[in-house]
Every structure is written in C-alpha cells, then in structure tokens.
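Working through the structure, step by step
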Amino acid sequence: MKKKSLFLLFLIFLCAPFFSEEKYEEVFYKAQKLQAAQCYKEAATEYKRYIFLSDYATVENLGQAYVELSRYYKSTASYDLALDYTHRAINIIYEDFYKHVVMSDYDSYLKTEKEFVLLQELYIQDINLLTLKAKKEDGWLEREQRILSYISFEQYSDKVRQFAYFALIKSDLDNWEWDRAKDNFETLVNLYPGLYSKEQIDLFNKLIEEQKKAKQKNPKLAVYLSIISGLGQTYAGNPKDGLNAFLLNGSLITACVFSIITQNYADVILFEAEMIVRFYRGNLYNAQMEAVKYNENQNNEYARKLTKIVEPEE
C-alpha cells in the first residue's frame with residue numbers, strides 16, 4: 001500500500017509539468033465563484049491553493065488572490081495574517097507595476113494605471129490594518145513608524161498620505177492626547193487646505209478646547225466622600241448606585257448597632273462586623289471606579305465626536 005502511494009506521487013510529479021497553465025487558472029476562477037456565492041472560507045482555501053501553484057499563475061491573478069485573502073482575514077479580525085497577505089500583494093503588484101512603467105505601449109499604460117490605483121488601495125488597507133491591530137493589542141507605538149513612513153515619502157498618493165494622517169490623529173484621540181491630535185490635524189489642514197471645511201476645522205478646535213475645560217471627577221475625592229456610604233458614587237455621577245450603597249451599608253451598621261445594644265456580641269463578631277468591613281471597602285472601591293468610568297466615558301465621547309469630523313470617506 002505504501003509503495004502504491006509513493007508510485008502515485010511519483011507519477012503526479014512527472015506529469016505536473018505537462019498540465020496547462022489554463023488548468024491552474026481554473027483554481028483561481030473557482031475561488032472567485034465561491035466568493036461571489038458568499039462562501040468566503042471555501043474561497044480562501046482555493047486562493048491558497050492557487051498561490052501554492054504560483055509557478056503557473058499569472059501575476060495579475062496572483063496579486064488579486066493575495067488581495068482577497070487579505071480582505072478575508074481582515075473580516076475575521078486575523079490582522080497578522082491580513083497584514084501578511086497585504087504585504088505580499090503590495091510586493092508582487094509593485095514589482096509588476098514598475099516593470100510596465102518602463103514600457104511605452106498603450107496596453108502597458110492601461111495596466112500600469114490600474115495597478116497604481118490598486119497599490120494605493122493596498123497602502124490604505126495596510127494603514128487600516130495596522131491601526132486595527134494596534135487597537136486590539138495595545139501596541140500602537142511600535143507600529144507608528146510604519147504610519148509615519150507613509151506620510152514622509154512622496155511616492156505615495158495624497159489619498160494614502162491623508163489616510164496615514166487620519167490614522168495618527170485617531171490614535172492620538174483614542175489615547176486622549178488632545179494637544180498632539182490638534183497639532184497633527186493642523187498639519188494635515190495646512191498640507192491639504194481644501195480637505196476640510198471651515199466649519200469642520202472650527203468645530204474640531206472648539207471640541208478640543210471644550211474637552212480641556214470639561215470638569216472631570218476626582219477618584220480620590222470620591223473615596224473621601226464615601227466615608228458617608230453612597231456619597232462618593234453620587235458625586236461620580238451614579239446616584240442610583242449611591243442610594244443602593246447607602247441603604248446596604250446603612251442597614252448593616254444599623255443591625256450591628258442593634259446587636260451591640262441588645263448585647264448580642266456573637267452576631268457582631270461572627271457575622272456583622274466582617275460584612276460591614278467587606279461591604280464598606282467595596283463602597284470605597286466602587287466610588288473610585290465610578291469616578292474613573294465617568295472620566296473615561298467623557299473622554300471617549302469627545303474622541304468619538306472628533307474622530308467623526310476628521311474621518312475620511314473611503
């Protein structure tokens with residue numbers, strides 16, 4: 001049985017060079033049909049098969065296979081794989097693009113123009129994936145240089161550079177670095193004066209200044225106020241939890257005082273004292289967290305509004 005399997009593999013190896021290139025292109029077209037039928041996982045498998053047979057593949061279809069795999073893995077939030085296929089697509093299309101740049105015939109010009117547009121889309125895809133991956137893994141700083149390279153080198157189109165600036169500004173806003181976001185936005189506006197209207201620019205600057213003046217809750221003060229149970233949560237903007245804390249801790253303290261008055265010290269020592277300490281400490285912690293949550297919600301709301309202003313139309 002083992003010898004038969006080896007013999008079959010040997011025959012396949014011998015016959016492979018005689019298969020026509022058109023036969024291998026059928027794998028690509030099958031992947032496209034599966035994709036059109038919304039069988040994305042199955043289509044991805046066929047695109048991988050096509051890439052495996054890359055010696056027989058056309059450059060155009062091979063580049064498209066990489067592009068489609070990048071889009072598929074982006075949709076599944078597998079950003080590392082999506083980035084890998086994006087870079088492969090960029091490399092193969094970039095190489096083919098410059099091969100046709102030196103050719104002067106009309107067909108080559110049309111292909112070059114098409115590949116140029118696709119390259120710009122892939123650069124934007126790369127920036128977008130870097131931003132999504134950084135948001136997921138909280139590793140923006142190590143990837144920021146890649147974004148800056150899109151801004152610094154003139155080989156990229158204005159659309160790509162604008163999208164790179166937006167990625168930087170969005171990162172600043174997500175991290176609540178308001179001054180840096182304002183500086184990057186001003187740079188973008190100066191480089192591309194017609195990109196945003198005067199109303200958008202004024203609204204962006206107004207919201208930045210408004211955020212800086214917005215009153216935030218002090219977590220330490222929330223803890224100090226919680227000496228009276230529930231007052232800290234009320235200060236932090238959650239009066240409902242404040243009332244619950246007041247009633248719960250108040251009830252426990254009342255029960256403990258009643259046990260002391262009635263000289264039922266066993267209940268105080270075994271049950272009530274421990275519960276009072278536990279729930280009172282929880283009251284202090286919750287008040288602090290409510291203040292932190294209030295500030296986070298406020299900052300995130302400003303970041304959302306500001307991001308909406310600068311967000312480019314894809």
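In the block above lies the structure referred to throughout.
Not measured: the values here are computed from a predicted model.

Some thoughts on the overall build of the chain
Looking only at helices and strands, the chain has 14 helices and 0 strands in total. Each helix (α) and strand (β) of the chain, taken in turn from the N terminus, gives the series α-α-α-α-α-α-α-α-α-α-α-α-α-α. Relative to its full complement of 314 residues, the chain shows a buried share of 39%. A separation of at least 24 residues holds for 58% of the contacts in the chain among residues at least 6 apart in sequence. Surface exposure of the chain reaches about 19,800 Å², of which carbon and sulfur atoms provide 58%.

Some remarks on helix α8 (residues 158–174)
Residues spaced three or four apart along an α-helix face the same direction, because each turn holds 3.6 residues. A rise of 1.5 Å per residue sets the reference length of α8, with its 17 residues, at 24 Å; its end C-alpha atoms lie 24 Å apart and thus fit the reference within 8%. Taken across its 17 residues, α8 has 13 buried, putting it largely inside the fold. Trp 176 lies just past α8 and shows a positive phi near 60°.

A closer look at the side chain of Asn 128
Following the sequence through the fold, Asn 128 ends up in helix α6 (residues 106–137). Its relative accessible area of 17% is what places Asn 128 among the buried residues. Not counting the four nearest positions on each side in its chain, Asn 128 is found in contact with Lys 74 and Phe 163.

Some words on a nonpolar patch on the surface
A contiguous nonpolar patch, built from Ile 227, Ile 228 and Leu 231 and spanning about 290 Å² of accessible area, is present on the exposed surface. Tracing the chain through its elements places Leu 231 in helix α12 (residues 231–235).

Points about the nonpolar core
Ranked by size, the top nonpolar core spans 62 residues in total, and within it Ile 127 and Phe 185 carry the most contacts. Dropping the residues within four chain positions of it, Ile 127 is found in contact with Ile 147, Tyr 150, Val 160, Phe 163, Ala 164 and Ala 167.

Section: the packing of helix α9 (residues 178–191) against helix α10 (residues 198–213)
As a packed pair, α9 and α10 sit with axes 11 Å apart at the nearest point and diverge in direction by 170°. The orientation of α9 with respect to α10, classified from their angle, is roughly antiparallel. For the pair α9 and α10, contact is made by Trp 178, Asp 179, Ala 181, Lys 182, Phe 185 and Val 189 and by Ile 201, Phe 204, Asn 205, Ile 208, Glu 209, Gln 211 and Lys 212, respectively.

Side note on the side chain of Glu 46
If you trace the backbone, Glu 46 turns up in helix α3 (residues 40–52). The class of Glu 46 is buried, set by a relative accessible area of 9%. Within the structure, Glu 46 has its side chain in polar contact with the side chain of Arg 49 (distance 2.8 Å).

Some remarks on the packing of aromatic side chains
This structure, assessed with the given rule, holds 12 aromatic pairs. Ring plane angle 75° and centroid distance 5.7 Å describe the contact between Phe 28 and Tyr 29, whose orientation is recorded as edge-to-face. Overall, Tyr 29 belongs to the partly exposed group, its relative accessible area being 42%. Considering the side-chain rings of Phe 185 and Tyr 196, the 5.2 Å spacing of their centres and the 50° angle between planes classify their relative orientation as tilted. A residue pair is termed long-range when its members are at least 10 positions apart, and Phe 185 in helix α9 and Tyr 196 in the loop between α9 and α10 qualify at 11 residues. As far as burial versus exposure is concerned, Phe 185 and Tyr 196 are alike and both buried. These aromatic residues form a ring-pair network of at least three members: Phe 28, Tyr 29, Tyr 47 and Tyr 50.

Re the environment of Arg 88
Its place among the elements puts Arg 88 in helix α5 (residues 79–101). Residues Arg 88 and Tyr 66, spaced 22 residues apart in sequence, show a C-alpha to C-alpha distance of 6.6 Å.

Points about the pattern of salt bridges
Tallied over the full model, the rule gives 12 salt bridges. Of the charged contacts in the structure, one is a salt bridge between Arg 88 and Asp 84, with a shortest N-O distance of 3.2 Å. Of the two residues, Arg 88 and Asp 84 are both situated in helix α5; the distance of 4 residues between them amounts to about one turn of the helix. Exposure remark for Arg 88: the relative accessible area of 35% places this residue in the partly exposed category. You can call Asp 84 partly exposed: its relative accessible area is 30%. Across the pair Asp 172 and Arg 180 runs a salt bridge, and its minimum N-O distance is 3.3 Å. Given a relative accessible area of 2%, Asp 172 falls into the buried group. The exposure class assigned to Arg 180 is partly exposed, which follows from its relative accessible area of 31%. Each of Asp 179, Lys 182, Glu 209 and Lys 212 takes part in one network of salt bridges that share partners.

The rules behind these values
- Residue numbers here run from 1 along each chain, matching the order of that chain's written sequence.
- Given that this is a predicted model, residues contribute local features only at a pLDDT of at least 70 and side-chain atom pairs are listed and counted only at 80 or more, while totals for whole chains, interfaces and linings are drawn from all residues.
- Side-chain numbers here rest on the full set of heavy atoms in the structure, without hydrogens or water.
- The way it works is that DSSP assigns letters per residue, a run of H or I at least four long becomes a helix, a run of E at least two long becomes a strand, and they are numbered from the N terminus.
- Categorising residues by exposure relies on relative accessible area from a 1.4 Å probe, with only protein chains included: less than 20% of the type maximum marks a residue as buried, more than 50% marks it as exposed, and the intermediate range marks it as partly exposed.
- What makes two residues a contact is simply this: any of their non-hydrogen atoms within 4.5 Å.
- Accessible surface area values rest on a Shrake-Rupley calculation with a 1.4 Å probe, where residue burial reflects the displayed protein chains alone.
- In this scheme, a helix's expected span is set at 1.5 Å multiplied by one less than its residue total.
- For patch detection, residues must exceed 30% relative accessible area and be free of salt bridges, and they are connected within 9 Å for like charges or within 5 Å for nonpolar side chains (Val, Leu, Ile, Met, Phe, Trp, Tyr).
- Here, a salt bridge means any side-chain nitrogen of Lys or Arg that lies within 4 Å of a carboxyl oxygen of Asp or Glu.
- Residues belong to one nonpolar core when they are buried, are Ala, Val, Leu, Ile, Met, Phe, Trp, Tyr or Cys, and are joined through side-chain atoms within 4.5 Å.
- Where helices are involved, their axes are fitted lines through C-alpha atoms of the stretch in contact, as for all axes, and angles between N-to-C directions lie from 0 to 180°.
- If an angle is under 35 degrees, it is roughly parallel; if it is over 145, roughly antiparallel; if it lies from 65 to 115, roughly perpendicular; otherwise it is oblique.
- Contacts described as polar in this section are N or O atom pairs within 3.5 Å, which, within protein, must combine one atom able to donate a hydrogen with one able to accept it, while residues neighboring in sequence count only if both atoms come from side chains.
- Any pair of Phe, Tyr and Trp rings, taking the six-membered ring for Trp, is counted once the centres come within 6.5 Å. Such a pair is stacked with planes under 30 degrees apart, edge-to-face with planes over 60 apart, and tilted for the rest.

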